[in-house]
Amino acid sequence: MSQLKLVTRQVGPWGMNTYALICSDSKQSILIDPGDDPETLQEMLGDSQPIAILLTHTHVDHIGALAEMREALSVPVMGNDGPHEPGGKDIQADRWLRDGDTVMVGEHTLRAVYTPGHIGDQICFVLEDDHRVIVGDTIFDGGPGRTWSSDGFKTTLETLRNVVLPWPDDTVCYPGHGPHFRLGDRRSQIEAFLAKDHGDFFGDATWDM
Ligand SMILES: [Zn+2]
C-alpha cells in the first residue's frame with residue numbers, strides 16, 4: 001500500500017492552504033477545506049474519484065467554495081458540530097465527525113481529533129500509519145492559532161498541551177496557513193511558550209512571546 005499523495009494549493013485572499021489526499025491504489029480522494037477558487041480545487045483532484053469534502057473548521061477562508069464544490073462533486077461534507085464560534089458559519093454537514101471518528105480513503109484511515117481554541121469546531125485529521133496531520137488553524141509553524149478571547153486562548157493552551165504535544169516528534173503538521181513543519185523541530189519552543197504566564201492574553205501569538 002503506497003502513501004496517500006498530498007496536494008497543496010494556496011487559495012483566496014488569505015492564502016489559505018487547501019489540501020487534497022489521493023490514494024493512488026484506489027484512485028479515491030478527499031478534499032480538505034475548499035476555501036476559494038473552485039477551478040484550482042478541481043485541478044488538484046485530477047482524475048481521482050472524490051469521496052468526501054472535509055472541513056477542519058468553519059471560518060469563511062476555509063469554506064468559501066464549499067457550496068460550489070459540494071454541488072460540483074456531489075459528495076458528503078464532513079465537519080465537527082462543536083460551536084461554530086467565534087466567527088464560524090452554520091453549515092449543513094452530511095456527517096459530523098467527533099473526536100476519534102474515522103474516514104476511509106481507499107485502504108487508508110483518517111482520524112478526526114478535536115482541537116478547540118481557535119474556534120469551537122476545530123478538528124485535525126491524523127493520517128493513520130503515517131506521520132502527517134492536517135491541523136487546520138490549530139497550530140502554525142510560528143505560533144498557535146489566533147484567538148478572540150482569553151478563554152479561547154486558554155483552551156488553545158490546553159489543546160497544545162493535551163493533544164498536540166503527545167504526538168511523536170516525527171509528526172509533520174500541515175496548517176491552514178503557511179508552511180508545514182515537523183513537530184519535533186518546534187517542541188522546545190511550544191513547551192517554553194506553555195511554561196510562561198500569558199495572563200489574560202488573546203489574539204495573534206508567536207512562540208517567542
Ligand atoms: Zn480559522
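Summary of the structure given here. This structure is a prediction, so every number in the text was calculated from the model and none was measured. Think of each chain on its own: its residues are numbered from 1, step by step along the sequence as written. At least 70 in pLDDT is required for a residue's local features to be given in this predicted model, at least 80 for side-chain atom pairs to be given and counted, and no such filter applies to totals for whole chains, interfaces and linings, which use all residues. Think of the side-chain values as coming from all heavy atoms in the structure, minus any hydrogens and water.

Attention now goes to helix H3 (residues 66-73). For the α-helix, the turn length of 3.6 residues means that residues three or four positions removed from each other point alike. A 1.4 Å probe rolled over the protein chains alone gives each residue an accessible area, and that area as a share of the maximum for its type sets the label: buried under 20%, exposed over 50%, partly exposed in between. The helix and strand labels rest on DSSP assignments: H or I over at least four residues marks a helix, E over at least two residues marks a strand, and numbering proceeds from the N terminus. Of all the residues in H3, the buried ones are Leu66, Met69 and Leu73. One face of H3 carries all of its buried residues, which in axial projection span an arc of 70°. What points out from H3, more than 90 degrees from its buried face, is the exposed set Ala67 and Glu71. A contact between two residues is defined here by any heavy atoms of the two lying within 4.5 Å. Structurally, H3 contributes buried residues whose contacts are with strand S3 (28-32), helix H1 (38-45), strand S4 (49-54), helix H2 (60-63) and strand S5 (77-79). Count one or two residues on from H3 and you reach Ser74, which has phi positive near 50°. To be clear, the arc concerns the directions from the helix axis to the C-beta atoms.

With that settled, consider the state of the cysteines. Two cysteine sulfurs form what is called a disulfide whenever their separation falls within 2.5 Å. What the rule picks out here adds up to zero disulfides. Free cysteine Cys124: the closest other cysteine sulfur is in Cys173, separated by 7.7 Å. Given the relative accessible area of 0%, Cys124 is considered buried.

Next up on the list: the packing of aromatic side chains. For Phe, Tyr and Trp, where Trp contributes only its six-membered ring, two rings pair if their centres lie within 6.5 Å, and the inter-plane angle classes them as stacked under 30 degrees, edge-to-face over 60, or tilted in between. If you walk through the whole model with that rule in mind, you get four aromatic pairs. Between Phe153 and Phe193, the aromatic rings sit 6.1 Å apart at their centres with planes inclined by 75°, giving edge-to-face as the arrangement. Of this pair, Phe153 sits in helix H4 (residues 150-164) while Phe193 is found in helix H5 (residues 183-195), placing the two residues 40 residues apart along the sequence. Accessibility assignment for this pair places Phe153 and Phe193 in one class, buried.

Regular strands show a simple pattern: their side chains alternate between the two faces of the sheet. Examined bridge by bridge, S3 and S4 share five bridges and lie parallel to one another. Its bridge partner lying in S4, Ile30 is registered against Ala52. A clockwise course of the path from the first strand over the helix to the second, judged with the strands pointing away from the viewer, identifies a crossover as right-handed. Remark: the S3/H1/S4 crossover connection has right-handed handedness. Pairing between strands is defined by DSSP: at least two bridges between them are needed. Relative to S5, S4 is paired through two bridges, and the arrangement is parallel. Within S5, the residue paired with Ile53 across the bridge is Val77.

All right, on to the coordination of the zinc ion then. For Na, K and Ca the donor cutoff is 3.2 Å, while for all other metals N, O and S atoms count as donors only within 2.8 Å; water does not appear among the atoms, so some sites may look incomplete. Taken together, His57 (NE2), His59 (ND1), His118 (NE2) and Asp137 (OD) make up the protein donors of the zinc ion, found 2.1 to 2.4 Å from the metal. Irregular is the label for any site that misses the other tests, which are tetrahedral for four donors with all angles between 85 and 135 degrees, and square planar for four donors or octahedral for six when opposite donors exceed 155 degrees and the remaining angles lie between 65 and 115. Taken together, the four donor atoms coordinating the zinc ion and their angles of 87 to 174° define a geometry best described as irregular. Within one chain, the residues serving as donors to the zinc ion are arranged as H-x1-H-x58-H-x18-D. You can see His59 sitting in the loop between S4 and H2 and its partner Asp137 sitting in the loop between strand S10 (132-136) and H4, a full 78 residues away along the chain.

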